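# Coordinate analysis (summary)
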Amino acid sequence: STHGHSMTWKRYHRYGEIVKYLEYLALRYPKIVELITIGHSYEEQPIKMIKISTGPNKKGKAKPAIWIDAGMHAREWIGSAVATYIANQLVEKNTSYAKLLDNSDWMILPVANPDGYEFSHTGDRLWRKTRSNHAENQENSRFLQLVNHYTKWLWGKCEGVDPNRNFGYHWGEVDEGGASLDPCHETYAGPRPFSEPETKAMADYILANKQNIKMYLTLHSYSQMWLVPWGYTYSKPSDYSELFNMAKKAVGAISKVHGTDYELGPSSDLLYPTSGASDDWAKGVAGIKYVYTVELRDRGTYGFLLPASQIVPTAREIWAGIRTIARLVTGS
Ligand code: ING
Ligand code: ZN
């Protein structure tokens, strides 16, 4: 195209096209966009993100930052599309967001699980996990290895780990319903915390920047929910009411755009208790105060197969919600 990239937000894009768009942004807007490779996936694809910053504040200090990741679960394509839409708004319309960018930096990782994302395009559209193989090298009995081998051959489901059960906070505590220690299960937590290069790369980058990150957002789908920690327990963090009230403002701003309703509450209540999710880790270990998992459209009509015609409306409403609270969190 004449733009030097192929992003349209009218269809879902492959990982290569998304990376090309990030590269385009860094090349075209070098003063405000930094392209960062935080690590490599199991299949050795580079895991790329961008940092958007108009520079240090007037006192020469780094600005408070907002972190957004998406595409942790392979089949949840809408999250990655929304993440690149937000990057597009902040960078290509930076003059409209001058005040916001005066007061905040943004770290955007559109595809946290590139191997899974690609496999959901080429192999199994409903793939969720990473693409690693731990079943083979586990200290299982030869019998279990044999069973695993044939289960895998029959079902092809034993590869990979659920990245959103692989983070190192209360990891592996919940082993029922919401998480599993069975490699062939959709919510397999992995052989140990951060067994996946994808979750390790993300966590390392966040830890290295944790003093600046004021809000951690992770985009998932589907069900239209704005989830507040904790996931691993039914009890609430001591600052739950602050997190809840901030989230209420996001949900209010979302509904103003097209009237879309997002349910608000703790993930353990609204969905199911789980352990090893990234939001719990971001709060419990990285110490970031405002931490949310956002479950995007829809409520199940199309589910994971959300039509591409809903990318822009979904992105517009979520961006309204995010920028509203980003201003409050960073004091813009
Ligand atoms: N949902 C999230 C999942 O990882 C979630 C919901 C997030 C539960 C955080 C607990 C903690 O299962 C999807 N759709 O992935
Ligand atoms: Zn998900």
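Scroll up to find the structure this text is about.
Since we're looking at a predicted model, the values are computed, not measured.

### Thoughts on the sheet that holds strand β1 (residues 33-40)
- With mixed pairing, eight strands are arranged side by side in an open sheet as β1-β2-β4-β3-β5-β8-β6-β7. Each of the sheet's edge strands pairs with one partner strand only, and the pair in question is β1 and β7 (263-266). Averaged over all adjacent pairs, the angle separating strand axes in this sheet is 20 degrees, with direction ignored.
- As defined by bridge partners, strand β3 (residues 65-70) adjoins strand β4 (residues 105-109) across five bridges and the pair is classed as parallel. Looking at the pairing, A65 lines up with D105 of β4.

### Considering the pairing of β1
- Looking at chain direction, β1 and strand β2 (residues 46-52) are connected through seven bridges and run antiparallel. By the bridge assignment, G39 is partnered in β2 with I47.
- The loop that links β1 with its antiparallel partner β2 comprises five residues; one of these, E44, has a positive phi angle of about 65 degrees.

### Section: the packing of helix α1 (residues 15-28) against helix α2 (residues 77-92)
- Two elements in contact, α1 and α2, have axes whose closest approach is 11 Å; the angle formed by their N-to-C orientations is 15 degrees. When the interaxial angle is binned, α1 and α2 end up roughly parallel. Once α1 is placed against α2, the crossing between them reads as left-handed. For the pair α1 and α2, contact is made by I18, Y21, Y24 and L25 and by S80, T84, A87, N88, V91 and E92, respectively.
- The residue inventory of the contact of α1 with α2, partitioned by class, reads six nonpolar, three polar and one charged.

Parameters at a glance
Residues numbered from 1 in each chain as written. Chains lettered and ligands numbered in written order. Predicted model: local features only at pLDDT ≥ 70, side-chain atom pairs only at ≥ 80, totals over all residues. Heavy atoms only, no water. Pairing = 2+ DSSP bridges. Helix = DSSP H or I, 4+ residues; strand = E, 2+ residues; numbered from the N terminus. Axes fitted to C-alpha atoms, helices over the stretch in contact; angles between N-to-C directions. Parallel < 35°, antiparallel > 145°, perpendicular 65-115°, else oblique. Left-handed = near helix turned anticlockwise from the far one by under 90°. Contact = heavy atoms within 4.5 Å. Nonpolar A, V, L, I, M, F, W, Y, C, P; charged D, E, K, R; others polar.

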